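Examination of the molecular architecture
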Amino acid sequence: MIDTLARTDLSSWTLRATGGPVPDALTAPLRDGVPAVVPGTSHTILLDAGLIEDPYLGAAEERLAWMRHVAWRLSTPLTLAPAADDERVDLLFEGVDTVAEIRLGDTVLGRTANMHRSHRYDARALADGTERELVVDLASALEAGEAEAARVGARPAAYPRPINMVRKMACSFGWDWGPDLETAGLWKPVRVERWRAARLAQVRPVVTLGDDHSWATVVVHVDVERSGLGADDDAPLALAATLAGPSGTVTATGTIAPHATSATLTLEVTDPVLWWPVGYGEPTLHDLDVRLADAHDGALDGWAHRVGLRSVVVDQTPDEHGTPFTFVVNGRPVFVKGANWIPDDHLLTRITRDRLARRVDQALGANLNLLRVWGGGIYETDDFYDVCDERGVLVWQDFLLACAAYPEEEPHRSELEAEARENVVRLMPHPSLVLWNGGNENLWGFMDWDWQGELDGATWGYGYYAELFPAVVHDLDPSRPYSAGSPFSPGAAPWERHPNDPDHGTHHEWEVWNRVDYTAYRADVPRFCSEFGFQGPPAWATLQRAVRPADGVWRQDDPVWLLHQKADHGNDKLSSGMAPHLGVPADFDTWAWAAQLNQARAVQYAVDHYRSWWPRTAGAIVWQLNDCWPVTSWAAVDGDERLKPLWYALRHAFADRVVSVHERDGRLVAALVNDTDDAWSGTLAASRTMLAGTALASAAVPVEVAPRSVALVPLGADLASPGDAAREVLVLACGDQRVVHPFVEDVELDLDPSPLVASVRAVGDVLEVPVAATSLARGVSVLADRVFPDAVVDDGVVDLPAGARHTFRVRGGDPARAAELLAPTVLRTANEVVAADRSVAPVR
C-alpha cells in the first residue's frame, strides 16, 4: 500500500493475565503488566521479558502447558484527536490470535474468533481528544474450541484438540511434527487509519495472456469504501492505474460515479515480457500503481504491487491413463519439483523476510520449483510471496482446513467465507501463486478414516470444497485454477472416484512410512503425488542445542527425545524402515545417522520413480521442506535451519538432468530425465564391476534425450544379471550424471567398512575434504555441524564406486580444527552402518 492515508502503528502494549493457572512466580508480573511489542503473542512477549524458558528447548513445552488455559489482556493507552468533518477514523487489527473482545474505553468495538482475517472498526465517535485504554481480552482458544464443539456437536479430527472448532492455525494445537503451544495475542500489526471521502477497499488485478504471447491485459478491479461523511461522499472519484516495467509503461484512467463503489480499468500490453518459473525463463515483474483521487484531483489513497504477466492452467483432460494434473505455465507443461511448506517458526511473529528468503533459497538449492503452503498453517505472508515472485518459485496455497471434519453451521461458514475472500484478494497479485486448493486430506478423511459413522449426517465441510471456495475463486480470482482438495480425484460427478485414486488428479502416498517399505513407492504411477515422505532426525548440532537428554545419555526412550518425536510410533517406524536396507545399529549415534540416511534414500527412490514417468506423472511434492522447531520429522531443513541429508538427496534427485535405474516389464532400464530446453546428447557408459572395482561387463550406448522429456534405455543381460549380487554393483554415467545401483540392499552387500582415503585442506575460506573410494562407498557425507555448528557443506549422500573421487567443500569451519572433519562420527558412510549392525545385535 502507498501511505497517502494517515496511518499510525500501535506497537507498545502491556500484557496481563486475567484468568487461568498462572504459576506463583509469575502472578505478580502478570498482574502488574509486562511490556509487550506488537506484533507479538503470549509466548514471545514473556520470552522477551525473560519470564519463561525457551519452549523449544528440552522438555520446556510440557512445563509451559499452563499457558494454553490462561486468559490474557493486551492494552495500550490511546488518544484519538478529533476528526475533521469528512474524516473517518478507523482501528485496524490485521490479525488477532484468536478469540477476543476489543474495547476502547467502555465501548466494545467488536469480538473476534478468527486469526486468518483482519478486523476494521469505525472509531470516529471516540475521536474526541480523550485518552482511553484500548483493550484486547483474549480467551483460551482451547477452551473456546471445546465449548464450540459442545454447542454444535463434535466432529472427527486427526488430533484430539478442537482444531476444527476455532479459526486458529491448526498446528498451533500440535501436530506429528510440531509443539502444542497455543499462542494468543496480536500476531499482525494494529494501526489507526484516518482517511477522508473514500479509500481503496480492495484492488484485484486479473492478468490475461494471449495464446501467442503477443499481448496481455491487466484488468484492474477496484472497490472503494466511501466515508459517508461530507459533500464528497456523493461526488465522483478519479481513478488511475499504471503498469511499468520491461514491457513499457501503460496507463489507464477512469471515474467512479457518484454513490458508486466499484470500477474497472484495463491495461493493454503489446509484446509483453513474461514471468516464468525457475528453469523456464526469467521471473520478470512489473510495477502496478493504482491511485484514487477526489473530483479536484486531491489524493485520497493509493495501492502499489508488483505483478507478473503470465498464464496458468492445470490440465485435467482425461487420457488413456486416467485424469492428469499437469501445471501449464505460459502454455508450457511443467513437471513440479516441489515440497510442502509449513510455518517456518511456530511462534509466527519471529518470522522475518530474511528468514523466508533463506528458506526459499534452500528450496532453490535443492532444485525445487514449487512450494505447497499446507492447509494446517497460515495463508502465507506477502513477504513469502514476494520472495517467491522474485525467484520464480511456484506456490500452491491451501485454504486452511486440514485433517478434520469442519462444521458448516453459522458462524463457521461466514467466517470461512470472510477469510477466503480477504486472502484471495490479498494474494492474487502474486504471479508465483498458481493454485488455490480446498484443503488437506479432508475428502480422503471422510472416505477412509471412519468419519461417516461418527458424523451421523452432520455437516463436515463438503460445502466449502464443492461450493463456497470455488465460487470465491471464480468471483475474485478467475485467472487461477482451483482444486477441491489434496488428495482429490476429479470426476464428472461428486464421489465418482475415490479421492486418493493414484490414476486421477492428486495423490498422497502414506502407506510408505506408516505401513510398508519404501520400495512400495514404485507400485503405483500417480498422476501427481502431492504428499509423500519419510522421517529423519535433525542435524546433530540441533539435537545438542535443543534435544539434549537431562542425564546426558542419548537413547531412543529418553523423555526429551520423545517430546521432540511427535509421530505415532515414530522411533519404531524409523527402525523398521531402515532394517531391510541398513540394518538397525545398536548405538544411538549410528542409529541417528542411519535414520537420516534412510530418510534421504527413501525420498530419492520415490522421486526417481515419479520423474521417470513424466509426462504421465506430472509432479512430486515431498513432505516437507522445513520445520517449525527442533524435532525429528519429515523435513529436509531442520528447525535450526540446518540441512539434513535429505536436502542433498533432493538436490540430486531433482537436478535438471538425472540418470536412474528401474525395472520395466521385467528388465532393468536406465531412465535419463532431461528437464531442460536443450537436447541431451551423449554416451551412457554402463559397467558391472566387483565392489572393489574389477570390471565384469561394460557398454557404451549413444543417447539423445529431447528437451523436457525422458528416455528409457534397456540394459543388456550382461549388465543386469550379477554373478554374485552381494559383491557386484552396476554403475551408469552420462556426462556429469552418475548412478550407483547395487543388486541387493546394503545390508546384504559385502561392503568394506572403511572404503575411503580422505584428507582435508584449507582453500581460502573453504575447508576441502577430498575423498577417494578404494571400494564401493555408499552414502558418503561430511556431517560438519558436529564440529562447526554453523558450517554448511556443498554436497552429501554421495555414492562412490571404487576408484572414484569426490571433494566436499565446507564453509564456516576453523582451519585450526580442520582435521576433526575426518573423525568417524563426521565423515560417514552407509558402509559403517552395515558393519555396526552386523557386529552387535540391535537393542529393541
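The paragraphs below set out a description of the structure included in this document. This is a predicted model, so every value here is computed, not measured.

What counts and how
- Residues numbered from 1 in each chain as written.
- Predicted model: local features only at pLDDT ≥ 70, side-chain atom pairs only at ≥ 80, totals over all residues.
- Heavy atoms only, no water.
- Helix = DSSP H or I, 4+ residues; strand = E, 2+ residues; numbered from the N terminus.
- Rg over C-alpha atoms; globule rule 2.2 N^0.38 Å.
- Buried < 20%, exposed > 50% of the residue type's maximum accessible area, 1.4 Å probe, protein only.
- Phe/Tyr/Trp six-rings, centres within 6.5 Å; stacked < 30°, edge-to-face > 60°.
- Salt bridge = Lys/Arg side-chain N within 4 Å of Asp/Glu carboxyl O.
- Pairing = 2+ DSSP bridges.
- Axes fitted to C-alpha atoms, helices over the stretch in contact; angles between N-to-C directions.
- Contact = heavy atoms within 4.5 Å.
- Expected span 1.5 Å × (residues − 1).
- Arc of directions from axis to C-beta.
- Left-handed = near helix turned anticlockwise from the far one by under 90°.
- Nonpolar A, V, L, I, M, F, W, Y, C, P; charged D, E, K, R; others polar.
- Parallel < 35°, antiparallel > 145°, perpendicular 65-115°, else oblique.

What follows deals with the overall build of the chain. Regarding its fold elements, the chain presents 18 helices and 48 strands. For the chain, the C-alpha radius of gyration of 29 Å lies close to 28 Å, the compact-globule estimate for 844 residues. The principal-axis extent of the C-alpha atoms belonging to the chain is close to 95 × 70 × 65 Å. Out of the 844 residues in the chain, the part that is buried amounts to 59%.

Attention shifts here to the packing of aromatic side chains. Inspection of the entire model under this criterion finds 42 aromatic pairs. Taking the centre distance of 6.0 Å and the plane angle of 70° together, the rings of Tyr-56 and Trp-629 count as edge-to-face. Of this pair, Tyr-56 sits in the loop between helix 2 (42-48) and helix 3 (60-63) while Trp-629 sits in the loop between strand 33 (619-622) and helix 16 (645-653); the two residues are 573 residues apart in sequence, bridging distant segments of the chain. Look at Phe-588 and Trp-591: their rings are 5.8 Å apart centre to centre, the planes differ by 40°, and that puts the pair in the tilted class.

Once that is clear, we can look at the pattern of salt bridges. Scanning the entire structure with this criterion turns up 74 salt bridges. Put simply, Glu-419 and Arg-167 hold a salt bridge, and the shortest N to O gap is 2.8 Å. With a gap of 252 residues between them, Glu-419 in helix 7 (residues 412-427) and Arg-167 in the loop between helix 4 (141-152) and strand 12 (173-175) connect regions that are remote in the sequence. Here Glu-419 and Arg-167 have matching classes, each one buried. Counted as one network, the salt bridges with shared partners bring together Arg-7, Arg-88, Asp-90, Arg-120, Asp-122, Glu-193, Arg-199, Glu-225 and Asp-301.

Tracing the sequence through the fold places Asp-386 in helix 6 (residues 382-391). A relative accessible area of 16% places Asp-386 in the buried class.

Attention now moves to the sheet that holds strand 25 (residues 332-334). Strand order in the open sheet made by the three strands is 23-24-25, with antiparallel pairing throughout. Looking at strand neighbours, the two that pair on one side only are strand 23 (312-315) and strand 25, the edges of this open sheet. Recorded for the sheet is a direction-independent mean angle of 35° between the axes of neighbouring strands. With three bridges joining them, strand 24 (residues 326-329) and strand 25 adopt antiparallel strand pairing. The residue bridging Phe-327 from the neighbouring strand is Val-334, located in strand 25.

Right, let's talk about the sheet that holds strand 44 (residues 777-782) for a bit. Across a sheet, strands are paired by hydrogen bonds formed along the backbone, either parallel or antiparallel in direction. What the three strands build is an open sheet, ordered 46-44-48; its pairing is antiparallel. A strand with exactly one partner marks an edge of an open sheet, and here the two such strands are strand 46 (798-800) and strand 48 (827-828). Of the strand pairs in this sheet, strand 44 and strand 48 are connected by two bridges, and their pairing is antiparallel. Following the sheet pairing, Ser-781 is matched in strand 48 by Arg-828. Contacts from helix 15 (residues 588-612) reach strand 44, strand 46 and strand 48, with the element oriented near 110° to strand 44.

Now for unusual backbone geometry. The step from Val-38 to Pro-39 runs through a cis peptide bond, and the omega angle for that step is 10°. Note that Pro-39 resides in the loop between strand 3 (34-37) and strand 4 (40-41). Geometrically, the link from Trp-614 to Pro-615 is a cis peptide bond, its omega value of 10° lying close to zero. Summarising the element assignment, Pro-615 is placed in the loop between helix 15 and strand 33. Of note, the phi angle at Asp-456 is positive, near 50°, even though the residue is not glycine. Of note, Asp-456 is situated in the loop between helix 9 (451-455) and helix 10 (462-476). Backbone geometry places Glu-641, a non-glycine residue, at a positive phi of 75°. Structurally, Glu-641 can be placed in the loop between strand 33 and helix 16.

Across its twelve residues, helix 4 extends 16 Å between first and last C-alpha, which sits within 8% of the 16 Å expected from 1.5 Å per residue. For helix 4, every residue scored as buried is listed here: Ala-141, Leu-142, Gly-145, Glu-148, Ala-149 and Val-152. Buried residues of helix 4, viewed axially, fall in a sector of 125°; they line one side. Exposed side of helix 4, more than 90 degrees from the buried face: Ala-150 and Arg-151 are the residues found there.

So, about the side chain of Thr-632. Inspection of the secondary structure puts Thr-632 in the loop between strand 33 and helix 16. If near-sequence neighbours (up to four positions away) are discounted, Thr-632 is found in contact with Gln-535, Gly-536, Pro-537, Pro-538, Trp-561, His-564, Gln-565 and Leu-574.

The subject of this paragraph is the pairing of strand 37 (residues 695-705). One ladder, built from ten bridges, connects strand 36 (residues 680-690) with strand 37; its direction is antiparallel. Paired with Arg-688 across the strands is Ala-697, a residue of strand 37. Between strand 36 and strand 37, which pair antiparallel one after the other, the connecting turn spans four residues, and Gly-693 there sits at a positive phi close to 115°.

For the pair helix 7 and helix 10, the least separation of the axes is 10 Å and the interaxial angle reads 35°. You can see that helix 7 and helix 10 cross each other, and the crossing is right-handed. Together, His-412, Arg-413, Leu-416, Glu-417, Ala-420, Arg-421, Val-424 and Val-425 of helix 7 and Gly-463, Tyr-464, Leu-468, Phe-469, Val-472, Asp-475 and Leu-476 of helix 10 make up the contact between the two elements. Of the residues contributing to the contact of helix 7 with helix 10, the split by class is nine nonpolar, two polar and four charged.

All right, on to the environment of Ala-777 then. Inspection of the secondary structure puts Ala-777 in strand 44. Residue classification places Ala-777 among the buried positions, given a relative accessible area of 0%. Once the C-alpha coordinates of Ala-777 and Asn-831 are considered, the two residues, 54 residues apart in sequence, prove to be 6.6 Å apart. Beyond its immediate sequence surroundings of up to four residues, Ala-777 is in contact with Pro-755, Leu-756, Val-798, Asp-799, Leu-800 and Asn-831.

This paragraph deals with the pairing of strand 16 (residues 198-209). Of all twelve residues in strand 16, nine are buried, a share of seventy percent or more. With eleven bridges connecting them, strand 16 and strand 17 (residues 215-226) associate as antiparallel partners. Of the residues in strand 17, the one forming a bridge with Leu-209 is Ala-216. Hairpin connection from strand 16 to strand 17: five residues lie between these consecutive antiparallel strands, with His-213 at a positive phi of about 65°.

So, on to the environment of Thr-519. By the secondary structure assignment, Thr-519 is in the loop between helix 11 (511-514) and strand 32 (529-532). The sequence separation of Thr-519 and Thr-44 amounts to 475 residues, and the corresponding C-alpha distance is 44 Å.

When two helices pack together, their arrangement is given by the angle between the helix axes and by the axis-to-axis distance. Between helix 5 (residues 353-365) and helix 6, the least distance of the axes is 9 Å, while the angle of their chain directions is 40°. With respect to their mutual orientation, helix 5 and helix 6 come out oblique. Crossing handedness for the pair helix 5 and helix 6: right-handed. Taking contact as the criterion, the partners of Arg-353, Leu-356, Ala-357, Val-360, Asp-361 and Leu-364 in helix 5 are, on helix 6, Asp-383, Phe-384, Asp-386, Val-387, Cys-388, Glu-390 and Arg-391. Across the contact of helix 5 with helix 6, the residue classes break down as seven nonpolar, no polar and six charged.

For helix 5, spanning 13 residues, the distance from its first C-alpha to its last is 18 Å, which sits close to the expected 18 Å at 1.5 Å a residue. Turning to helix 5, its buried residues are Arg-355, Leu-356, Ala-357, Arg-359, Val-360, Gln-362 and Ala-363. Next to the buried residues of helix 5 lie strand 26 (336-341), strand 27 (370-373), helix 6 and helix 16. Positive backbone phi, at 65°, marks Asn-367, one or two positions downstream of helix 5.

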